[in-house]
Amino acid sequence: ANYSATIALGAQSIAMKITQEAREENGAWVFVETADTPMGAATDSAIIEKGSLRLKKRTVKQGPADIALDFSDAAVTGTMTVNGQARPMNIALDGPIFADGPGSHAVVARLPLAAGYTTSFRNVNVQTQKVEVKQLTVAGRESVTVPAGTFDAWKVEIKGEDGALTTLWVDAASRQVAKITAVLPAMNGAVLTAQLEK
């Protein structure tokens, strides 16, 4: 899928292109997301276990930063390298991490979405190295128009403990994510908007 996106904070706006790819490999789902930004390309990839949809590996490359993480039910381990300086990461877990990072929206879109549906799941904030519980609610159905067309979509809201709010408009027929908005507390409340292209 290809998305045109902007990050807006006040009167300032940054345009981006986001490409998402999914493939089956060695009995798992591999998701790769590439964002072309004014600061250069950023690549985020994840390996998600088929069936359980648990995150197994995640790698992020953006500018001078390189993050490589392995996930088990008990811990997240790996390294964060910035400007050649490697720092080990070890985050204790009290349960599995549900599809996080690239591919997370595609996985959420495949949940049994319906009016009033709610669930919660764990993600890891790579910046703070803390586990966060996300609350997901289906707010109802809405018609949404993006460059790819007009869709009858489920409006899905995902709230984080840090105040982050991500809203997905998931086409009810194809389960394709047509539009995404996200409030980014780490960027002083900037708002990301991404729309599916043709």
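Just above, that's the structure.
Residues numbered from 1 in each chain as written. Predicted model: local features only at pLDDT ≥ 70, side-chain atom pairs only at ≥ 80, totals over all residues. Heavy atoms only, no water.

Trainee: I'd like a rundown of the pattern of salt bridges, residues and numbers included.
Mentor: Evaluated as defined, the whole model comprises 12 salt bridges. Ionic pairing is found between K56 and E49, a salt bridge with its closest N-O pair at 3.9 Å. Judged by its relative accessible area of 30%, K56 falls in the partly exposed class. The class for E49 is partly exposed, based on a relative accessible area of 31%. Here E142 and K155 are joined by a salt bridge, their closest N and O atoms 3.5 Å apart. Highlighted residues: E142 in strand β10 (residues 130-146) and K155 in strand β11 (residues 149-159), separated in sequence by 13 residues. Classification of K155 as buried rests on a relative accessible area of 19%. (Salt bridge = Lys/Arg side-chain N within 4 Å of Asp/Glu carboxyl O. Buried < 20%, exposed > 50% of the residue type's maximum accessible area, 1.4 Å probe, protein only. Helix = DSSP H or I, 4+ residues; strand = E, 2+ residues; numbered from the N terminus.)

Trainee: Give me the lowdown on the pairing of β11, citing residues and values where you can.
Mentor: Put simply, side chains in a regular strand alternate between the two faces of the sheet. By the bridge criterion, 11 bridges tie β10 to β11 in an arrangement that is antiparallel. What sits directly across from S143, in β11, is D152. Taking the residues that link successive antiparallel strands as the turn, the β10-β11 hairpin has two residues. As judged from the seven bridges shared by β11 and strand β12 (residues 165-171), these two strands associate in the antiparallel manner. (Pairing = 2+ DSSP bridges.)

Trainee: Tell me about the pairing of strand β7 (residues 75-82), residues and numbers included.
Mentor: Bridge count between strand β6 (residues 65-71) and β7: seven bridges; the pairing is antiparallel. Looking across to β7, one finds that D66 is bridged to T81. The hairpin formed by β6 and β7 contains three residues between the paired strands.

Trainee: Go over unusual backbone geometry, please, and point to the residues and values.
Mentor: Even without being glycine, R175 reaches a positive phi, approximately 65°. Structurally, R175 is set in the loop between β12 and β13 (177-184). The backbone phi angle of N188 is positive, close to 60°, even though this residue is not glycine. For N188, the position within the fold is in the loop between β13 and β14 (190-196).

Trainee: Account for the packing of aromatic side chains, with residues named and values stated.
Mentor: Here the structure, examined in full by the defined rule, presents one aromatic pair. Measuring from ring centre to ring centre gives 5.1 Å for F98 and F121, while their planes differ by 50°; the resulting arrangement is tilted. Taken together, the positions of F98 in the loop between β8 (85-92) and α1 (104-109) and F121 in strand β9 (residues 118-125) put the pair 23 residues apart, joining distant regions of the chain. In this structure F98 comes out as buried when scored by relative accessible area, which is 16%. What makes F121 buried here is its relative accessible area of 10%. The ring of W154 has R141 lying over it, and the distance from NZ or CZ to the ring centre is 4.5 Å. Residue placement shows K179 over the ring face of W169; its charged tip is 5.1 Å from the ring centre. (Phe/Tyr/Trp six-rings, centres within 6.5 Å; stacked < 30°, edge-to-face > 60°. Lys NZ or Arg CZ within 6 Å of the ring centre and 35° of its normal.)

All we've got here are geometric facts, nothing functional implied.
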